[in-house]
Structures are given as structure tokens and as C-alpha cells.
Amino acid sequence: NRGTSVPGSAISVEKGSVPLTPLLLAALPVFLIFLGANSIWDANEAFYVETPRQMVISGDYVNPVFNDAPRLNKPVLSYWIVAGLYNLFGVSVAVERLGIALGALGIIAATFLIGRALRSTSTGLLAALFVATAPRFVMFSRRIFIDIYITLFIALSLAFFVMAERFPEHRRRYLLLMYVAMGLGVLTKGPVAIALPLLAGGIWLAMEGRWRDVFRLHAVAGIAIVLAIVSPWYIAIVAERGWDPLRQFVLGENVERFTTSMVPGAREFWFYVPVLLGDLFPWAPLVIVPLVAAWRPRASEEDAAHASIRRLLWIWIVAIFVFFTISRTKQDLYLLPVAPAVAVLVADALESAGFGATHRGLRYGLLTIAIVTGLAGVGLPWLLGSGYYAVAGIWPTGGVLVATGVMAAVLILRGGFAPAIAVFAAGFVALNYLFVARVLPDVERFKPVEPLARTFLSRASPDARLGSYAIMLPSLVYYAGRPVTELPVAPYNAEGFLETTKPSGELAEAWLITGSNEWAEIQPLTPNACVADRRHLFAFNEKLGRIASGVPPPDLLLITNRCR
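Residues numbered from 1 in each chain as written. Predicted model: local features only at pLDDT ≥ 70, side-chain atom pairs only at ≥ 80, totals over all residues. Heavy atoms only, no water.

Undergrad: Could you clarify how one ought to interpret the overall build of the chain in this entry?
TA: Assigned secondary structure in the chain consists of 23 helices and 10 strands. Computed over the C-alpha atoms, the radius of gyration of the chain is 26 Å, within 12% of the 24 Å expected from 2.2 N^0.38 for a compact globule of 564 residues. Each principal axis of the C-alpha atoms in the chain carries an extent, and together these give about 90 × 60 × 45 Å. The buried share among the 564 residues of the chain stands at 53%. Partitioning the intrachain contacts of the chain with sequence separation of at least 6 by distance along the chain shows that 76% fall at a separation of at least 24. Working note: accessible area of the chain is about 23400 Å², and carbon and sulfur atoms make up 65% of it. (Helix = DSSP H or I, 4+ residues; strand = E, 2+ residues; numbered from the N terminus. Rg over C-alpha atoms; globule rule 2.2 N^0.38 Å. Buried < 20%, exposed > 50% of the residue type's maximum accessible area, 1.4 Å probe, protein only. Contact = heavy atoms within 4.5 Å. Areas by Shrake-Rupley, 256 points an atom, 1.4 Å probe, with all protein chains shown as cover.)

Written as C-alpha cells, this is what we have:
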């Protein structure tokens, strides 16, 4: 069923077209520009900046270290990638983020391959465009390292399997590439890179009645490929440290995360519903239509491969969604590997229905997205356009959203469904450029760690101790260029750190990061200490009420016992 597609350039329907290739080419550079405009995001990104830096300094690429302690809670590939980039281009945040950007571009490429195998080149381009223009995905590509890479390798596993189904003459080649992607995924985050594809693939084989195909998966060669990729590092770790790190990783980072909640407060079972609908906004809400129908048997006009792959994508989304919903530990980024399948199912549904010309649900979905986009364009300037939390570029951002929503709504109401898709895509391409060029650089005003580290480095002696009390900001280790002692929250710990004396009786130089409330408690106990610098501690999960009221956040203080 390929009647509405023009492979490689555009999708044409009765009342307009979507210039896919130009829009996609316009969307991609945003992933590569201004990579160093923002300091490190606490907490996840800090580990993937500093740990590879320590590898480069020490020359030890087997034992990841962060803050003078082994960091073996994740496998090593993410660190190796950044360390390799550091060796090529030098150590910097921008260089570290180049790896993230390339991973994001790889996810977009995998999405294209899945869409092309499902229906046509134009379906692949449309699905890739959906991923490339989603603001949340753009943000992830500049912030989270390991989740981008595990999503890349899981998406490539799906892409190569789908291509093996669509192009059986090259089945062995694509299956072997699938196992390479799985092995790299295991070396990035562990068994989940195999567990999720096996779960979805096993359910699909059972529903399709194709259990005998298990013997056509070249499993022996696949196991050999995965072991060849994964084993050398694990063997080296076991040889140096014994079996404890491996046991702790398998049990603590996998089994324990699944069976117990490792985030503050248990999250509700419906936690992933808004995540599923929001990861690829504005497009993802349209997935409701194919999720309702994509499981159906083959239609009379549909070729068998299309129907089978369509059901596989449906199972992929549902199985991973249910898997992480059952898990006691819930993090929004866990669901990111479903994004390529979501984008492809939405693209396929839109293309087969003339973008809503023959499907009322898609028409209503597009109109709803237009309304939400316009409302967001009004709400963001109202929330962030003035006062303490005012952000540069928010008024042009709001204008782009309003214009996009209004233009798309008018086109949809007049039956111009394909032009409305083009307007959405162009609007969010413009939005993303504003986001990375104006909004994100201005957000640096709210991030305290780098300026506090500059104060520390300008005044502290080389042997000064640096600690944190009642708060830990991992990026401080990178910016301060030395270990940070995390003091337990108990009486007199901070006081003891600041009042420690040398054997000579001289006060040992100490610096401490803590909050204003904690300083009020320990100040009477530290007569030799004073405030060297203070910055507002803005958390990016700030309560909406605080932002709307314009009340500044509490202070983060740099305390020292070397007062001027």
C-alpha cells in the first residue's frame, strides 16, 4: 500500500505535499550547534564528562573512576566513546556532547531505516522528521549521554531485524548487524539491551505463529558476536576486582531497580502515559490511533510484510511500556527506546490515511495538536516572560508556537492536511533553533556550580579540601578539578570538616558547598568560617507555583575557613 508516497523527496496528497527531505535537512544541524553553550547538567551528564577525563589522565581505560571512587554501576562503552573524543579533540563539554549529538543522529537514522522497511522511503523520512523536530528529544540530545546511546543501539537492533524481515535476501547480514548492536548496547547499559528486543520479538513470534523462525535467527553466531564485544572488558574487571562488581551490577543495577523503587517516592502505575505522549510532542499524541488499530490482522489491500512489521512495532511499544510500568523504579528516560517505533507507526498511519483525509481520528488529533501548540505559545511567555525567571528568547518562541498552531489549524479546517504537517515541522524546526541558540544559553544564569567553582579555584590553594553538605552536585568534581568529599547529614559533620586542624595546630584549609538553611545551622559551630560566594540554587523541576509567583529559589553557598 504505497499509493501516497513519493520515495525520497515528498509525500503528496490531494490538497498539498510535505517536502520531507528539505525539512529533515533543515532539522538536523540543530543537534550539532552551540554544544558548549551550557555547563554540565547535574546529575547524569556529570558522570560522563568527568569519568572519561580521569581515564585520559590516568591512562586506565578498564577501571572507570569518579570522585576518586570506582564507578562500576554501568558498563564502560559510554566512557570509552567520550574518552576517544577527548583524545581526538581535547577535553571540553562541547566535545563530550559531540558524542551525544552523533548518537541522536544515529537514532534518527535508525528511525528512517525502520520506516523505509515498513512502507517506503517517504515513510522513513517522515518518521525521522518526527524524531528530529521533537523539542524534548532535542533537549535529551544535549544532556543525557547513556540514555541516548542505549536508545541508539536498541533502535538499531529493531531496525536490522525489521530489515531482515523486509529484505530476506539479505537476512543473514542484517541479523548479524542486529547482534552487533545488541552487544554494543550490553556494553553500554547491560542486559536490558538484549532483554527488551527478546521480549518484544518473542511475543511477536508467538502472535504470528512463527516459532520455527527461531532457528533462522543465527543465534549461535549472535551469541558469539555479543560475547566477543562484551567479554573482554568484563574479563578484565573480574581479573582485577573479582566477581563482586559484576554481582553488584547484575543484582543492584538490574534486578533491584526492577523490584524496588530507587527514586524518591514511588511513582504511580500511569507514570509513563504522559511520557509516551510527550517524548515526541507534537507528533506522539497521534500514536493513539495506530495503537488502537495496528495490532489488527492483514487488510485485503496490504502486503504481508507490511502487516507483520506493523504488528511488530505495536508489540514493541506495548511490551516495553508494560515492562517499565511493572518495574518499581520508574524514570522517564527508560521509555525513550520506543520513540522510533512510535514515530514510524504515526508516519505510517498518516500516510495511509492521507494525513487525516480518510481518518477522522487523525484529523481530530492534528487539530488538537494545533490548539495545544497555540496555547503553549501563549502560556510560555506568560510564565517565563518577566520577573526573576524571565528567559531570553521566550517571546519569539511563543510567537513561533502561536503562529504554527494558528496556521496549522486553519489548514486542517480547510482540508489541507499535508500542508499542516509541513507547517508543524517547519514551526518546530524554528522553535528548536531558538531553543538552543537563545533559551538554553540564557538558562546558564540559573546554574550555580560553574561560577562557584571559579570562585573556589581563584582563591583556594592546591591542597585545599572541598566538600559538600546536604547536597551533592556531581558537576562540581569536573569544574573544581578535584575530588569533593560528600559529608553525611548528621550533627557536627560539616563543623568538623571546616574546623579540622593539622598536627601543627594550624587550621587545615577547607571549602564547603551547602544550602542557606544548612549554613544557618552550622554557622554557630564554625567561628572560623564565612561565606565566600552565593548563587541561587535553581532546580529544573521547580514547582510551577514558585515560577509563576516569581519568587527566587534558595541560595547555594560556598563556605570557607580562609576568610579575607
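Undergrad: Honestly, the sheet that holds strand 10 (residues 555-560) in this entry has me stumped. Any pointers?
TA: Each strand in a sheet pairs with another by means of backbone hydrogen bonds, the pair being arranged parallel or else antiparallel. With respect to topology, five strands assemble into an open sheet ordered 7-6-8-10-9, the strand pairing being mixed. Each of the sheet's edge strands pairs with one partner strand only, and the pair in question is strand 7 (485-487) and strand 9 (530-536). Strand-to-strand twist of the sheet, defined as the mean angle between neighbouring strand axes without regard to direction, takes the value 25 degrees. Pairing analysis gives five bridges linking strand 8 (residues 510-515) to strand 10, with the strands arranged antiparallel. Bridge assignment links Thr-514 to a residue of strand 10, and that residue is Leu-557. (Pairing = 2+ DSSP bridges. Axes fitted to C-alpha atoms, helices over the stretch in contact; angles between N-to-C directions.)

Undergrad: Explanation requested: the confidence of the model for the chain in the structure shown.
TA: For any part of a model where pLDDT is low, the fine detail of the predicted coordinates should not be relied upon. Across the chain, pLDDT averages 88, with 94% of residues at or above 70. Contacts of residues 1-9 to residues separated by more than four positions or lying in other chains number 28 contacts, the stretch itself having pLDDT below 50. (pLDDT = per-residue confidence, 0-100.)

Undergrad: What is the right way to read helix 2 (residues 44-58) from this model?
TA: Because the α-helix completes a turn every 3.6 residues, residues three or four places apart line up on one side. In this model helix 2 runs 22 Å from its N-terminal to its C-terminal C-alpha over 15 residues, within 8% of the 21 Å that 1.5 Å per residue would give. Within helix 2, the full set of buried residues consists of Glu-45, Ala-46, Phe-47, Tyr-48, Val-49, Glu-50, Thr-51, Pro-52, Arg-53 and Met-55. Check the buried side of helix 2 and you find it contacts strand 4 (65-66), helix 3 (77-89), helix 4 (93-118), helix 7 (146-166) and helix 20 (475-480). At the exit of helix 2 stands Gly-59, carrying a positive phi of roughly 80 degrees. (Expected span 1.5 Å × (residues − 1).)

Undergrad: Help me understand the state of the cysteines, please; the structure alone is not making it clear to me.
TA: Two cysteines joined by a covalent bond between their sulfur atoms form a disulfide. Scanning all chains against the criterion turns up one disulfide. Each sulfur of the disulfide joining Cys-530 and Cys-563 lies 2.1 Å from the other. Taking the sign of the S-S torsion, -125 degrees for the link of Cys-530 and Cys-563, the bridge is left-handed. Highlighted residues: Cys-530 in strand 9 and Cys-563 in the segment after strand 10, separated in sequence by 33 residues. (Disulfide = S-S within 2.5 Å.)

Undergrad: I would appreciate a short explanation of a nonpolar patch on the surface in the present structure.
TA: Taken together, Trp-211, Val-214 and Phe-215 make up a surface patch of nonpolar side chains, about 380 Å² in accessible area. Here Val-214 lies in the loop between helix 9 (192-208) and helix 10 (219-241). (Patch = residues over 30% accessible without salt bridge, like charges linked within 9 Å, V, L, I, M, F, W, Y side chains within 5 Å. Salt bridge = Lys/Arg side-chain N within 4 Å of Asp/Glu carboxyl O.)

Undergrad: How do you make sense of the pattern of salt bridges when you look at a structure like this?
TA: Should their charged atoms come close, side chains of opposite charge can pair. This structure, assessed with the given rule, holds 20 salt bridges. For Arg-97, the salt bridge identified is with Glu-45, shortest N-O distance 2.7 Å. Here the residue Arg-97 occupies a position in helix 4, and Glu-45 occupies one in helix 2, the gap between them amounting to 52 residues. Under the relative-accessibility criterion, Glu-45 is labelled buried at 0%. Between Glu-506 and Arg-562 there is a salt bridge, with the nearest N and O atoms lying 3.7 Å from each other. Note that Glu-506 is positioned in the loop between helix 21 (493-498) and strand 8 and Arg-562 in the segment after strand 10, a separation of 56 residues in sequence. Since its relative accessible area comes to 42%, Glu-506 is described here as partly exposed. Overall, Arg-562 belongs to the partly exposed group, its relative accessible area being 32%. Taken together, the shared-partner salt bridges connect Glu-165, Arg-171, Arg-210, Asp-213 and Arg-216 into one network.

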